[in-house]
Amino acid sequence: MIRLSISPMPQAACAGKTTVHVGNPLFAVHCDIVQTTEKESLLRFLLWITLKVRTLYETNPTSHRWTCRHLGDTAPGKTVTLPHDAMLAEPRTALSAGGTNTGWYEGYDYEYRRTLTVPENELADTHILEFEGVYHNAEVWLNGQKAAFRPYGYTNFYVDCAPYLHAGENELRVIARNADQPNSRWYSGAGIYRPVQLWTARGAHIALNGVKIRTLSLDPAVVEVRVKTTAPGTVRLTVDDLPAMQQESDGEAVFTLTLDNARLWTPETPNLYTCRVHFADDVVTETFGVRKVEWGTDGFLLNGKRYIIQGACIHHDNGLLGAVCDPDAVARKVRLLKANGYNAIRSAHNPCSKALLTECDRQGMLVMDEYIDHWYIHKTEHDYVDYFNDWWHRDLTDMVEKDYNHPCVVLYSTGNEVSETAQKRGIALTKEMTDFLHGLDDSRPVTCGVNIFFNFLSSIGFGVYSDEKAKKEAERAEKAKQRGEKAAKKKAVGSQFFNNLAGLLGDEFMKRGATLHGCDVKTRDAFANMDIAGYNYGIYRYKHDLKKYPQRLILGSETFCNDAYKFRELAKQEPRLVGDFVWAGMDYLGEVMVGAWEYADYAETFDGGPGWVSAGSGRIDLTGKLLGEALYTRVALEADNGPYIAVCPVNHTGDRHSPSAWKMTNAMPSWSWTGCEGGKANVEVYARAARVELVLNGHTVGSKTLKNDCLAKFSIPYESGTLEAVSYDAADHEIGRCNGNDDTLTHT
C-alpha cells in the first residue's frame, strides 16, 4: 500500500511563558531561566528547540495543515501541524482538576479538522487512515458520519474510509477528549500527538500490517516471512544478500529464508536487513533483525547468549515538546540513555510510539512494551477502567501488530502496579492476558509489573479507590472551581497512595515492606501466570524467592537508582534474575515533585503546587543534562569503570530539601560554585576500583577504599580551581582519572 503522510512533521506548541519547577535545574518551560551552573547546557538545549521549531515550520507544506480548537468553539480553529499536543498550550493553574498528575495543566476537549481530496478515478481505491495515538476517547468523523471510536489514548488504530468518502472534497473531523480530569497519573498531553498516515491501494494489494517476519533459528540463520494479500496472485520477495524469490499466494504466502553468515542483531551490533515485498502494483518495505529470544532457568538469552537487562523506565512525553512524538527528540532520548549504561527501555505505562521502536532497532536498545497502568480498578476517576473489559483484546492485538517485526522488542508487559493481581479475578485475568499474547506472538515472554508491597496493602484496605469518594471529591472540586478557589487536596489512592508513603518514609520502607510474608501470599499466584515475574521495588526478596521458587524468573520491573550496583552484582551470579528497570531514566512532565530534591529558596513550599511541572525523577533531567545519578549508573552497570565526580549543591549544604524516595542524590558534575569559598562541599566519586583519591588544585584532599560498592563520599572545604578523582586497582596502580568540571574520563 502507498502511505501518504498527512502529519508529516511535528509541531512544538508554545503558549505563554511560565516559570516552573522541574526538579533540577530551574528554567522556564517556554524559555526563561537559569542557575549559573546549568546555563551552558540549558542554552544549548533551548537553541536546539528554537532551530527545531523553525525547521518544522519552514519545511511543512501548507496543504498538509490541520486546524484545532476547543470542542464547541464557534471561532475558526488555529492552524496546527501534526503531531500536535493541544494540552501543552493550555494554562497551568491551581484550578486544574488534573492537579499534580498533569503538572497543573488544565484539560479540555478538542476538535481537529482538515479536508481530504479524492479524485473520481480513485474513489474505488482502498483508503485507510492510521492514527498512531490520539489522547483520548477519539472519535473520527468523515463527511458528518462517525467512522470510528477508540477510547485508549496510547494505541494506534485504523479507520476504513471507503463507506464515507465521495469524489472531491471530504471533511475529516477528529475529536479528542481531555476535559474529563483526572484521567491519568502523569502528563498525558492531548489531541493527535502522534503521526497520522493515509494508506491507499488500487485493486489487489498486500494487507495492512500483512508482512510478518521472525527468526526461526540461528545456526544456520533461518527467517520466516509471512505475507497476507487481499487476493490470489504472485508474491515476489527480495532481502539483502539473497537472490529474489517468488511464491503464489492464496491469501497468504510463507517464505523460509536461509541467510549464510548472517549479521545478527544485538545491542552492541544492531544489524538490520531490508525486506521488500511486491504484489500486483503494491510494494511494502520492512526492516528486520536476525535475532532470537529465549528464556528459562538459564535466564534471558539473546542469540543463545545470556543478557542482563539493564533498563530504564520512561514516559512518552519529550519534555518541553510535551507529548508530541518528534523523531529527533525520541532518537536523542534513546542515545542519552544508552550512553549512560542502559541497554533496555520500559515503555511506562502504555504502548510506545513507532518512532521509539525505529530508533531502538537502529541504536540497539532492548524494549519492554507495556500495555496499561491499571485493569479494572481505578487509579483516577476518569481513567480507562470503564473501557478496559471491552477493549483489552483489541488494544493488545494492535500493540503486537506494531511491535512484531521490531527486533528491539523482547518483552511484553500487561500492566503496571495492578493490585488486581492480588484478587482471584485478577489472577485469572493475568493468565488470560498472558495466553492471549502468546497466541498473537509466542516468540517473546510476558510479564507484568507488580508492586509487591502495594498488593498486600491494598488487600487489607489501604489506598483502595472508591467511586463514591471520587465522585464527592469531583463535585467539591467543581464547586470550588466555580468559586475561583483551589480545590481541597484529593485523597491519594492506588500507586499515588503508595508513592506518597514512600516519599515520606523513604525507599527502605518500600523494600522492607515487600519482604513481609503477606506480600508473597498476595503475588505468588499471579506470578505463576506470567513468563517472568515483574517485581516493583522488591530487591530484598530476590534471593529468597529465587530459592523458594526454582522455576521463577524475576525482573526488577521498577527499581530505585541506589540499587543499581547491588542488582548488577547479584544478577551476575543469578541467571534467573533477568533484569532491572530503574525509575526513571529521564525526567518527565506531571506526577510533580515525586522524585525531586529542591530547596526553600527555589520552592518555598514542598506541596507540589502549580509552581511544579515535572516529576524530577530522571537520572537525566528534562533538558537532557546528565545528573550525578546518571554517572553512578554508568559505573554501577559497568558501562565503564569511572571514575566520575559529582558534587551536591555547595550553596545548600545541610539545608532541608523536598522529600523523595526516588532520588539517590542531587549531586551534579560541576565544581563551579560562586560565593561558596570555604563552605562544606559534599563530593561523590563513582568508580569500579580498589581505591579512589580526590585531588584539589594538585593536592590530595581525601582517599577512600571501595568495598561492595562503586560510590565513595567525601566532605571537603570548597575552593575554586580544579578537582580531580583518581582511581587505583588492588596493586595501587592508577587506572583512571577525571576532572570535576567535565563528565568525560581519561583512563591511564
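Structure: above.
K.L.:
Kindly report on the overall build of the protein, identifying the contributing residues and their values.
P.N.:
Within the protein, the secondary structure is distributed over 15 helices and 37 strands. Going through the 748 residues of the protein one by one, you find that 60% of them count as buried. Looking at the protein alone, contacts between residues at least 24 apart form 71% of all its contacts between residues at least 6 apart. For the protein, the exposed surface amounts to about 28400 Å²; the carbon and sulfur share of it is 50%.

K.L.:
Which residues make up the packing of helix α3 (residues 327–339) against helix α4 (residues 354–363), and what values go with them?
P.N.:
Across the interface, α3 lies against α4 with an axial gap of 9 Å and an inter-helix angle of 40 degrees. One way to sum up the angle between α3 and α4 is to call them oblique. Viewed along their axes, α3 and α4 form a crossing whose handedness is right-handed. Residues V330, A331, V334, R335 and K338 of α3 lie in contact with α4, whose contacting residues are A355, L356, E359, C360, R362 and Q363. Partitioned by chemical class, the residues of the contact of α3 with α4 number six nonpolar, one polar and four charged.

K.L.:
Lay out the nonpolar core with the relevant residues and their values.
P.N.:
The biggest cluster of nonpolar side chains holds 146 residues, and the ones touching the most others in it are Y112 and F131. Counting residues in each nonpolar core, the second largest holds 23 residues, with V647, V650, A689 and I716 among its members.

K.L.:
Account for the environment of P610, with residues named and values stated.
P.N.:
Considering the arrangement of structural elements, one finds P610 in the loop between β30 (577–582) and α15 (628–636). For P610, a relative accessible area of 27% corresponds to the partly exposed category. Once the C-alpha coordinates of P610 and L95 are considered, the two residues, 515 residues apart in sequence, prove to be 9.2 Å apart.

K.L.:
Help me get a handle on unusual backbone geometry, residues and values and all.
P.N.:
The step from D219 to P220 runs through a cis peptide bond, and the omega angle for that step is 5 degrees. Of note, P220 is situated in the loop between β13 (206–218) and β14 (221–229). Cis geometry marks the peptide bond from G642 to P643; its omega dihedral reads 10 degrees. Tracing the sequence through the fold places P643 in the loop between α15 and β31 (644–647). Positive phi, close to 50 degrees, is recorded for A280, a residue that is not glycine. In this fold, A280 is placed in the loop between β18 (273–279) and β19 (282–288).

K.L.:
Any details on the packing of aromatic side chains? Residues and values, ideally.
P.N.:
All chains considered together, the criterion is met by 22 aromatic pairs. A centroid spacing of 6.0 Å and a plane angle of 55 degrees characterise the contact between F149 and Y387, whose relative ring orientation is tilted. Here F149 is found in strand β9 (residues 145–150), whereas its partner Y387 is found in helix α5 (residues 385–403), with 238 residues between them in sequence. Residues Y152 and Y384 carry aromatic rings whose centres are separated by 4.6 Å and whose planes lie at 35 degrees to one another, so their mutual orientation is tilted. Here Y152 is found in the loop between β9 and β10 (157–160), whereas its partner Y384 is found in the loop between β25 (366–370) and α5, with 232 residues between them in sequence.

K.L.:
Describe the sheet that holds strand β20 (residues 293–296), naming the residues involved and giving the relevant values.
P.N.:
The three strands lie next to each other as β20-β21-β22, forming an open sheet whose pairing is antiparallel. The open sheet is flanked by β20 and β22 (305–306), the only strands paired with a single partner. Bridge analysis of β20 against strand β21 (residues 299–302) gives four bridges, and the strand direction is antiparallel. Looking at the pairing, E294 lines up with L301 of β21.

Cut-offs used in this document
- Residues numbered from 1 in each chain as written.
- Predicted model: local features only at pLDDT ≥ 70, side-chain atom pairs only at ≥ 80, totals over all residues.
- Heavy atoms only, no water.
- Helix = DSSP H or I, 4+ residues; strand = E, 2+ residues; numbered from the N terminus.
- Buried < 20%, exposed > 50% of the residue type's maximum accessible area, 1.4 Å probe, protein only.
- Contact = heavy atoms within 4.5 Å.
- Areas by Shrake-Rupley, 256 points an atom, 1.4 Å probe, with all protein chains shown as cover.
- Axes fitted to C-alpha atoms, helices over the stretch in contact; angles between N-to-C directions.
- Parallel < 35°, antiparallel > 145°, perpendicular 65-115°, else oblique.
- Left-handed = near helix turned anticlockwise from the far one by under 90°.
- Nonpolar A, V, L, I, M, F, W, Y, C, P; charged D, E, K, R; others polar.
- Core = buried A, V, L, I, M, F, W, Y, C linked by side-chain atoms within 4.5 Å.
- Phe/Tyr/Trp six-rings, centres within 6.5 Å; stacked < 30°, edge-to-face > 60°.
- Pairing = 2+ DSSP bridges.

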